[in-house]
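Summary of structural features
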Amino acid sequence: MQWDAVKRRGIQKVLQKVGLSEKSSSDQVFQQQYDSFQHLGTFLTTLRTSVKESGQTCDRLGQINKTLGGQVHSFLQAELAAGETEASSTGEIIDFLHGAGENPTVANQRVDQLQEAVGRFYNVTNDIGVTMVRAMLNNLGNNVLRPIQRDEDMNSMTKKMLEENEKLTLDYDSFKRAAQGASPQERDKQEAKMRAARDRLEAHTREVQEHLNERQQMRARLVVHSMVAVINEFHDYHKHASSLLQSLGELLPPLLASYVANPDDLNAPVRSHMSPPSQGSRDRNAPTNGNVNPSTGYSYNNTNTNTPNPNNDHPPARSRPSSSPPDRPSSPSMSSHNRRVDSV
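Residues numbered from 1 in each chain as written. Predicted model: local features only at pLDDT ≥ 70, side-chain atom pairs only at ≥ 80, totals over all residues. Heavy atoms only, no water.

A short note on the packing of aromatic side chains
Rule in force here: Two rings from Phe, Tyr or Trp (for Trp, the six-membered ring) form a pair when their centres sit within 6.5 Å of each other. Planes less than 30 degrees apart are called stacked, planes more than 60 degrees apart edge-to-face, and all others tilted. Look at NZ for Lys and CZ for Arg. If either is within 6 Å of the ring centre and within 35 degrees of the ring normal, a charge sits over the ring.
Summed over all chains, the structure comprises zero aromatic pairs. Positioned above the aromatic ring of Phe 37 is the side chain of Arg 219, whose terminal nitrogen or guanidinium carbon lies 3.9 Å from the ring centre.

Remarks on helix α5 (residues 155-180)
Worth spelling out the cut-off: Numbered from the N terminus, helices here are DSSP runs of H or I no shorter than four residues, and strands are runs of E no shorter than two. Helices are assigned an expected span. That span is 1.5 Å times one less than the residue count. When a residue's accessible area, from a 1.4 Å probe over protein chains only, is under 20% of the maximum for its type it is buried; when over 50% it is exposed; and in between it is partly exposed.
For α5, with 26 residues, the first-to-last C-alpha span of 37 Å sits near the 38 Å given by 1.5 Å per residue. Among the residues of α5, those classed as buried are Thr 158, Met 161, Asn 165, Leu 168, Thr 169, Leu 170, Asp 171, Tyr 172, Asp 173, Ser 174, Phe 175 and Ala 179.

Structural notes on the environment of Leu 212
Let me state the cut-off plainly: Two residues qualify as a contact provided that any one of their heavy atoms is within 4.5 Å of a heavy atom in the partner residue.
Structurally, Leu 212 can be placed in helix α6 (residues 184-249). Sequence-wise, Leu 212 and Phe 37 are 175 residues apart; in three dimensions their C-alpha atoms are separated by 7.0 Å. Other than its neighbours up to four places away in sequence, Leu 212 contacts Phe 30, Gln 33, Tyr 34, Phe 37 and Thr 158.

Quick word on the nonpolar core
Spelled out, the test is: Among buried residues, those of type Ala, Val, Leu, Ile, Met, Phe, Trp, Tyr and Cys that are joined through side-chain atoms within 4.5 Å constitute a nonpolar core.
Counting 18 residues, the largest nonpolar core has Val 51, Ile 128, Val 144, Ile 148 and Tyr 237 as its most contacted members. Ranked by residue count, the leading element in this core is helix α4 (residues 104-153), at nine residues. Discounting chain neighbours no more than four positions away, the residues touching Val 51 are Leu 140, Val 144, Leu 145 and Val 230.

Points about the packing of helix α2 (residues 28-82) against α4
This is how it is decided: Only C-alpha atoms enter the line fits that serve as axes; for helices the fit covers just the stretch in contact. Angles between N-to-C directions range over 0 to 180 degrees. What sets the label is the angle itself: under 35 degrees gives roughly parallel, over 145 gives roughly antiparallel, 65 to 115 gives roughly perpendicular, and the rest give oblique. Crossing handedness follows the turn of the near helix against the far one: under a right angle anticlockwise gives a left-handed crossing, and clockwise gives a right-handed one. Each residue receives one of three labels: charged for Asp, Glu, Lys and Arg, nonpolar for Ala, Val, Leu, Ile, Met, Phe, Trp, Tyr, Cys and Pro, and polar for the others, Gly being one of them.
Contact geometry for α2 and α4: axes closest at 8 Å, N-to-C directions at 160°. Comparing their axes, α4 and α2 come out roughly antiparallel. In the packing of α2 onto α4, the handedness of the crossing is left-handed. A breakdown of the residues in the contact of α2 with α4 according to their chemical character gives 21 nonpolar, 14 polar and six charged.

Thoughts on the pattern of salt bridges
Put simply, the test is: The term salt bridge refers to a side-chain nitrogen of Lys or Arg lying within 4 Å of a carboxyl oxygen of Asp or Glu.
Inspection of every chain in the model, using the stated rule, returns four salt bridges. Between Glu 116 and Arg 120 there is a salt bridge; the shortest N-O distance is 3.0 Å. Highlighted residues: Glu 116 and Arg 120, both in helix α4, separated by four residues, approximately one helical turn. As a salt-bridge pair, Arg 215 and Asp 151 come within 3.0 Å of each other at their nearest N and O atoms. In this pair, Arg 215 sits in helix α6 while Asp 151 sits in helix α4, placing the two residues 64 residues apart along the sequence. There is no split in this pair, since Arg 215 and Asp 151 are both buried. Through salt bridges with shared partners, a single network forms among Asp 151, Arg 215 and Arg 219.

Right, dumping it as structure tokens:
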């Protein structure tokens, strides 16, 4: 019996393909309903792919930014720690940060600000790049990706129902063709089979329509829910990131005024605008008179003619203040490496 049905449907499909038998067209309402159902499903699949790609990109970018923050933090921490040793090879960085001949209190305050900014930058890149990204991905997974996946898991049931409907349609078309070509003696029998096949097809089609209607409503709700959830996660992530970055931005104005120069000037020799020393190389630890350029730490119109002591091969040791500076919000990872110098 089952083999007869398979054979009958196979023959009918071939005849319809070569144009030797008519194919029943789907009900227009049913077809529109199915097209709308597929339309929503296509959007959900596209949305799921885009959400995954967006999340993966945010995760990669967060890891890169975390690495960047760690590199900047580690470098400055190492430079200031090494600067505590007089034989340090990083003296140029220390001298630049403190400025030649500048008021030690002002210089120390500016270094404190730089340390605080770098420490906060490290913490912010870690919070945004790791903690917040993971929270966002977790929420997107729970609120968007998993519900869409559950909807797609239901497609197997829908597919079986549609395949069964197609089989019943082939049965109806086959019995209809047989009834049309039957002899008068067989016509009543074939028409009875045709009517029974039509009844089975119509009953099953109603079941499929009810199933599609239910799933279509679920998909419409899921589509709207997913769009709002994605927007909400996007908003929350950038809102919290903006809040963290705002606290970092509060530290930037004095650093921008002190350290950021015209990009075209960065490739010019730093000392090219300075008056050459009277003999030998200038001792970077010697006091300097004149106006100090806060963006470079070097003086203009230098009138100091002091030269290094020819009898002393080593520059004088950098002294440190006798008292600690006023309390300030400290970066937990760098507060133990504050570089303080009373004379440079």
